[in-house]
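What follows is each chain in one-letter form.
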Amino acid sequence: MAFFPLANSAKADGYCTLHNYPPNDWEPTKNCAKTVWAIYSNGQKWITKELDVLEVGSSKTYFYADILSVLALNYIPLILLQFRKSPLQKELEELPGHEFTYHKVPEWRATVGFSLNQAQTSYQGEINPFPSKASLLTFHPFIQYNEIDNYLLFMNAEKSPVFRSAYIEIYHSLTKKFMDKVAVKSNQINEIPLNHYGFKEDQLPVFICRTMAGIPFGFGISKDEKMLSLEHTHPPASFAVHGNRFAVQGQIKKQWFNILKPISS
Amino acid sequence: MKNLIKTWIKKNIPTKFIELISIKGISITKIPHEASVISDLFPLRIEEDWNTHFELLDFHRMLNPNEERVSLNVELFFYAASGQFLAKKYIEISSPLKQSLDLKMICSELGVKEDGCFAVFHQNNSSWVDDQNSFLAERGYIGYSNKRMGPIKSYVHGNLDAIALSSMGKLQLLGNTSFFSKKYNLQHILDKNFDYELFFVNPTLKTLAIEVEEKFENSAVVASIDIPPNGISSYKKRHVKKNNYSQIIIKSKLYLCRPLVFKIMPTSFDVFHG
């Protein structure tokens, strides 16, 4: 665990609740007050700002809009929150390492969510910087119908603050038909509307990115804006447990990457 | 070689004994028997206005995209909240890669009328997965809907390899327990303005005793829940204005007793893994 993401979407407002207590009582940890820092990229450097201190056992919700206001900015593509004991310089060339021993069963997580009117949706999340030489393959089986706006959210953070570009390619998994390619950037949450592709209920879209990894989410907003739904889509490793499941993942990715070919536009 | 030794130890020595030597050796679930397939135990909500939908995928063609469709069945097992086996349904993998299953409809056909849990077992036709000593696992996408709250479903994935089905048709619960009680601190604060229901399944062979402590600023309430093997139970929190935000601490002998959380808001709901 290293960072807790705080992101926004075009319609819904982002929030992130940090918890200064461990998820279990049997992995070793040092309970202490922790300073919360906000870190974001301006495309050249990571910019840091100390927010406040969370006492042992306490939780606090940070709203995207409030952090913008603290930083006197109009927009930040992604804010990363981090617990620290030592201060950070105002500008950094790389994301800082973490300073605490965190639990693994499960990972020490925050409540990462969005709200719109009276509706909220969240998941238990954290983000570790992805290597710059990595890729993505994911299937999205839960696009919704009947008055729902669907989005794929693609969240990436890398050590370097540069906003690196890549493309997410979208295909029909059954026919392997190429549908589109959409530009995405690193160190951002990228929001891709899906309704206009017209995927039907029995169709399974597959998304690949050959030069960037990230966390993909299926995000649904009811058109009356009364309800939200958010869940991440699985990486291929989730099809298998035990053994060398990452070799299984590698094999699945290799096959799909070879089959799926974009039509150059 | 090192991995082989680790796997042998995990398969042959109960985790609770390994824990006495080092917590690094703790494994929250067992490795199933050879040639098994694995499923989560997914909470089933079909009572009142609730429905549960399951997005069934053709694992074979997702794992082997160069191959044609082969005739494969998926087995759905339904259990009562008491853990009692109720019914089984075979579903043939269809021509599309995905089928959305309306479980209220399927349960109605099967005579299952109450909330409980279910498991989904695929057939493993990909020997290269076995070659990696891995097991096919259904970790879901379940969509919960409530007709009082509009058309949108709240989707959540499975996150526990709870139960396995061997090629001989034998079921095996995979949850490991400790000699000692463990606490899991839900990494989510309950909002005083909303109702919550926390669902727990029992993936072990013995009745699971759980204590759910809801901690307020200056007080706490504790509820005790016993869940039979394969069973499911819930802790309900109703919004009470006088109470403030609360924290949930779950005590049991499971290494990771993580609930599925339903958060009920005035016009909507949200489901997520705690």
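Because the structure is predicted, anything quoted here is derived from the model rather than measured.

K.L.:
Kindly report on helix 1 (residues 64-71) of chain A, identifying the contributing residues and their values.
P.N.:
Residue and element names in this part refer to chain A. For helix 1, the set of buried residues is Tyr64, Ile67, Leu68 and Leu71. Looking straight down helix 1, one finds its buried side chains confined to an arc of 105 degrees; they lie on one side. For helix 1, exposure combined with an orientation more than 90 degrees from the buried face picks out Ala65 and Ser69. The secondary structure elements touched by the buried residues of helix 1 are strand 1 (4-6), strand 2 (13-19), strand 3 (34-41), strand 4 (46-54), strand 5 (59-63) and strand 6 (79-84). Backbone geometry just after helix 1 places Ala72 at a positive phi near 55 degrees.

K.L.:
Give me the interface of chain A and chain B: which residues, what numbers.
P.N.:
Listed per partner, the contact involves 65 residues of chain A and 67 residues of chain B. A buried area of about 5500 Å², summed over both sides, lies between chain A and chain B, and 59% of it is on carbon and sulfur atoms. Viewed at the interface, chain B and chain A are joined by 31 residue pairs in polar contact (both at pLDDT 80 or more). With eight residues, the single largest contributor to the side of chain A that touches chain B is helix 2 (residues 245-259) of chain A. Here the side of chain A that touches chain B is built from residues that sort into 28 nonpolar, 26 polar and eleven charged. When strand 18 (residues 240-241) of chain A meets strand 8 (residues 135-138) of chain B, the two strands line up antiparallel, connected through two bridges. Directly across from Val241 of chain A, in strand 8 of chain B, lies its bridge partner Phe135 of chain B.

K.L.:
Please give an account of helix 4 (residues 103-110) of chain B that cites residues and values.
P.N.:
Residue and element names in this part refer to chain B. Every buried residue of helix 4 is accounted for by Leu103, Ile106 and Cys107. Considered in projection along helix 4, the buried side chains sweep an arc of 100 degrees and stay on one side of the axis. Of the residues in helix 4, the exposed ones pointing more than 90 degrees away from the buried face are Met105, Ser108 and Glu109. Against the buried residues of helix 4 lie strand 2 (42-44), strand 3 (50-57), strand 4 (73-80), strand 5 (85-92), strand 6 (98-102) and strand 7 (116-121). Backbone nitrogen of Lys104 and a side-chain oxygen of the N-cap are separated by 3.1 Å at the start of helix 4; the cap is Asp102. At the exit of helix 4 stands Gly111, carrying a positive phi of roughly 80 degrees.

K.L.:
I'd like a rundown of the pattern of salt bridges, residues and numbers included.
P.N.:
A full pass over the atoms with the stated rule returns 18 salt bridges over all chains. The salt bridge involving Arg109 of chain A is made with Glu126 of chain A; its shortest N-O contact spans 2.7 Å. Of this pair, Arg109 of chain A sits in the loop between strand 7 (91-92) and strand 8 (110-116) while Glu126 of chain A sits in the loop between strand 9 (119-125) and strand 10 (136-139), placing them 17 residues apart in sequence. Across the pair Arg148 of chain B and Asp49 of chain B runs a salt bridge whose closest N-O atoms are separated by 2.9 Å. Of the two residues, Arg148 of chain B sits in the loop between strand 9 (142-146) and strand 10 (154-156) while Asp49 of chain B sits in the loop between strand 2 and strand 3, which places them 99 residues apart along the sequence. Its relative accessible area of 59% is what places Arg148 of chain B among the exposed residues.

K.L.:
I'd love a proper account of a nonpolar patch on the surface, names of residues and values included.
P.N.:
Residue and element names in this part refer to chain B. Taken together, the side chains of Met1, Leu4, Ile5, Trp8, Ile9, Ile13, Phe17, Leu20, Ile21, Phe179 and Phe180 present a nonpolar region at the surface, about 1200 Å² in accessible area. Where the nonpolar patch is concerned, the elements lending two or more residues are helix 1 (2-12), helix 2 (15-21) and strand 13 (177-185). The element that contributes the greatest number of residues to the nonpolar patch is helix 1, accounting for four residues. Note that Leu4 resides in helix 1. Residue classification places Leu4 among the exposed residues on the basis of a relative accessible area of 56%.

Parameters at a glance
Residues numbered from 1 in each chain as written. Chains lettered and ligands numbered in written order. Predicted model: local features only at pLDDT ≥ 70, side-chain atom pairs only at ≥ 80, totals over all residues. Heavy atoms only, no water. Buried < 20%, exposed > 50% of the residue type's maximum accessible area, 1.4 Å probe, protein only. Helix = DSSP H or I, 4+ residues; strand = E, 2+ residues; numbered from the N terminus. Arc of directions from axis to C-beta. Contact = heavy atoms within 4.5 Å. Buried area = accessible area lost by both parts, 1.4 Å probe. Polar contact = N/O pair within 3.5 Å; in protein donor to acceptor, adjacent residues only side chain to side chain. Nonpolar A, V, L, I, M, F, W, Y, C, P; charged D, E, K, R; others polar. Pairing = 2+ DSSP bridges. Salt bridge = Lys/Arg side-chain N within 4 Å of Asp/Glu carboxyl O. Patch = residues over 30% accessible without salt bridge, like charges linked within 9 Å, V, L, I, M, F, W, Y side chains within 5 Å. Areas by Shrake-Rupley, 256 points an atom, 1.4 Å probe, with all protein chains shown as cover.

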